[in-house]
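# Survey of secondary and tertiary structure
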Amino acid sequence: MRDLTALPNLNIALVQTTLAWHDRQANLEHFERLLEQARGADLIVLPEMFTTGFSMESASLAEPENGPTHHWLQAQSVKYNAVITGSVIIQAADGSHRNRLLWARPDGEVLHYDKRHLFRMAGEHDHYTPGERQVRFECKGWRIRPLICYDLRFPVWSRDAQDTDLLLYTANWPGARRLHWNRLLPARAIENLCYVAAVNRVGTDGKGFAYTGDSQVLDFQGETLLSAGEADGVFLVKLDAGELAAYRTKFPANLDADSFQFV
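Being a predicted model, the structure only gives us computed values, none of them experimental.

### Quick look at the overall build of the protein chain
For the protein chain, the helix and strand inventory stands at seven helices and 15 strands. Relative to its length of 263 residues, the protein chain is compact, with a C-alpha radius of gyration of 17 Å against a globular reference of 18 Å. Its C-alpha atoms give the protein chain principal-axis dimensions of roughly 50 × 40 × 35 Å. Pairs at least 24 residues apart make up 66% of the contacts formed inside the protein chain by residues separated by at least 6 positions. Of the roughly 11400 Å² of accessible surface on the protein chain, a fraction of 49% belongs to carbon and sulfur atoms.

Structure follows, in structure tokens:
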């Protein structure tokens, strides 16, 4: 059994900001400036579709695997000696378009997670192919499971069956459904007995939809450790594995959880 108390603290930077509509270069230059404020973090989290905004123009905007943003993330990860992650529109090797979270590590490796639940109310399911598997990554020994925006609404997919320490959501979640975002995130923390970090954008996109941010970090009881509100900027927080271990020992509800398999 893992000894969580042996893990170091995990320093996270959440980058909540506006996005230039369909302009990869402008967005990458913007994030390069912001990343200077995240120096010292172990994990830096960018919003969903951070190079384009939440767009259904997958055919014209998709990058190839190992494309320019892939290489940009590699370079920034090495520069800041941190994992850097966020989702991008990708054309996969099989020709399908994916809303793909890229997980760039300082050693040069880039892993990925494909968004499982596609937001049909915006037609995302007509323009993208859903992911088929959960993934779990590690950073400084912490077990982290990334999810993307609409995934938040589906507790079975978010359910911890892998001894997860941190659930990580990256999103373009509109202000019109702000209440849902702020209620679902604590629920995911409480039911999974783990930390939750969630990054959203602010500003208005090219379709006229407004985003109100509310990027946040919650502890295993759903208590707020960090709340960005509607501010534009970089927000830092430190997670303590010892506190997580102590709570799981005191209140081991996970031992009574139901077993299941995805089919």
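### A closer look at the pairing of strand β10 (residues 195-199)
For β10, the tally of buried residues reaches five of five residues, placing the bulk of the element in the interior. Covered by surrounding structure in β10 are Tyr-195, Ala-197 and Val-199 together with Val-196 and Ala-198, the residues of both alternating faces. Bridge count for strand β9 (residues 166-170) against β10 is five bridges, and the pairing is parallel. Note that in β10 the partner of Leu-166 across the bridge is Tyr-195. Handedness of the crossover joining β9 and β10 through helix α6 (residues 178-192): right-handed.

### Some points on helix α1 (residues 24-35)
Note that an α-helix has 3.6 residues per turn; residues three or four places apart therefore point the same way. Taking 1.5 Å per residue, 12 residues should reach 16 Å; α1 reaches 16 Å between its end C-alpha atoms and fits that length. Turning to α1, its buried residues are Asn-27, Leu-28, Phe-31, Leu-34 and Leu-35. Summarising the axial view, the buried residues of α1 lie within an arc of 120°, below the 170-degree limit, and thus occupy one face. Residues of α1 that are buried make contact with β1 (10-16), β2 (43-45), α3 (68-80), β4 (83-91) and β15 (233-239).

### Structural notes on a nonpolar patch on the surface
Together, Val-156, Phe-260 and Phe-262 give the surface a local cluster of nonpolar side chains, amounting to about 270 Å² of exposed area. As for its placement among the helices and strands, Phe-262 is situated in the segment after α7 (241-250).

### Description of the packing of aromatic side chains
What the rule picks out here adds up to 10 aromatic pairs. Measuring from centroid to centroid gives 5.9 Å for Trp-142 and Tyr-195, while their planes differ by 45°, and the two rings are tilted. Residue Trp-142 is located in strand β8 (residues 142-148), and its partner Tyr-195 is located in strand β10; the two are separated by 53 residues in the primary sequence. What makes Tyr-195 buried here is its relative accessible area of 1%. Ring centres 5.1 Å apart and planes at 25° place the aromatic pair Phe-220 and Tyr-247 in the stacked group. With Phe-220 in the loop between β13 (216-218) and β14 (224-227) and Tyr-247 in helix α7, the pair connects residues that are 27 residues apart, well separated along the chain. Three or more aromatic residues link up through ring pairs in this structure, and these residues are Trp-142, Tyr-195, Phe-220, Tyr-247 and Phe-251. One cation-aromatic arrangement involves Arg-116 over Trp-157; the distance from NZ or CZ to the ring centre is 5.0 Å.

### Some thoughts on the sheet that holds strand β7 (residues 137-139)
With respect to topology, six strands assemble into an open sheet ordered β7-β8-β9-β10-β13-β14, the strand pairing being mixed. Of all strands in the sheet, those bounded by a partner on one side alone are β7 and β14. Within the sheet, the average angular offset between the axes of one strand and its neighbour, ignoring direction, is 20°. Bridging between β7 and β8 involves three bridges; their strand directions are antiparallel. Considered in β8, the bridge of Glu-138 is made with Arg-143.

### Things to note about the nonpolar core
Ile-12, Leu-43, Trp-103, Ile-144 and Leu-166 are the most contacted members of the largest nonpolar core, which totals 50 residues. When residues of this core are assigned to their parent elements, the largest contribution, five residues, is made by β10. Residues in contact with Ile-12, not counting those within four places in the same chain, are Ala-41, Leu-43, Val-45, Leu-166, Ala-197, Phe-235, Leu-236, Val-237 and Leu-239. Counting residues in hydrophobic clusters, the runner-up holds 23 residues, among them Phe-31, Ala-38, Ile-44 and Phe-50.

### Side note on the environment of Thr-18
As for its position among the elements, Thr-18 is in the loop between β1 and α1. By relative accessible area, which is 33% here, Thr-18 ends up partly exposed. It is 25 Å that separates the C-alpha atoms of Thr-18 and Asn-81, two residues lying 63 residues apart in sequence. Contact partners of Thr-18, with chain neighbours within four places excluded, come to His-30, Arg-201, Val-202, Gly-203 and Asp-232.

What counts and what doesn't
- Residues numbered from 1 in each chain as written.
- Predicted model: local features only at pLDDT ≥ 70, side-chain atom pairs only at ≥ 80, totals over all residues.
- Heavy atoms only, no water.
- Helix = DSSP H or I, 4+ residues; strand = E, 2+ residues; numbered from the N terminus.
- Rg over C-alpha atoms; globule rule 2.2 N^0.38 Å.
- Contact = heavy atoms within 4.5 Å.
- Areas by Shrake-Rupley, 256 points an atom, 1.4 Å probe, with all protein chains shown as cover.
- Buried < 20%, exposed > 50% of the residue type's maximum accessible area, 1.4 Å probe, protein only.
- Pairing = 2+ DSSP bridges.
- Right-handed = clockwise from strand over helix to strand, strands pointing away.
- Expected span 1.5 Å × (residues − 1).
- Arc of directions from axis to C-beta.
- Patch = residues over 30% accessible without salt bridge, like charges linked within 9 Å, V, L, I, M, F, W, Y side chains within 5 Å.
- Salt bridge = Lys/Arg side-chain N within 4 Å of Asp/Glu carboxyl O.
- Phe/Tyr/Trp six-rings, centres within 6.5 Å; stacked < 30°, edge-to-face > 60°.
- Lys NZ or Arg CZ within 6 Å of the ring centre and 35° of its normal.
- Axes fitted to C-alpha atoms, helices over the stretch in contact; angles between N-to-C directions.
- Core = buried A, V, L, I, M, F, W, Y, C linked by side-chain atoms within 4.5 Å.

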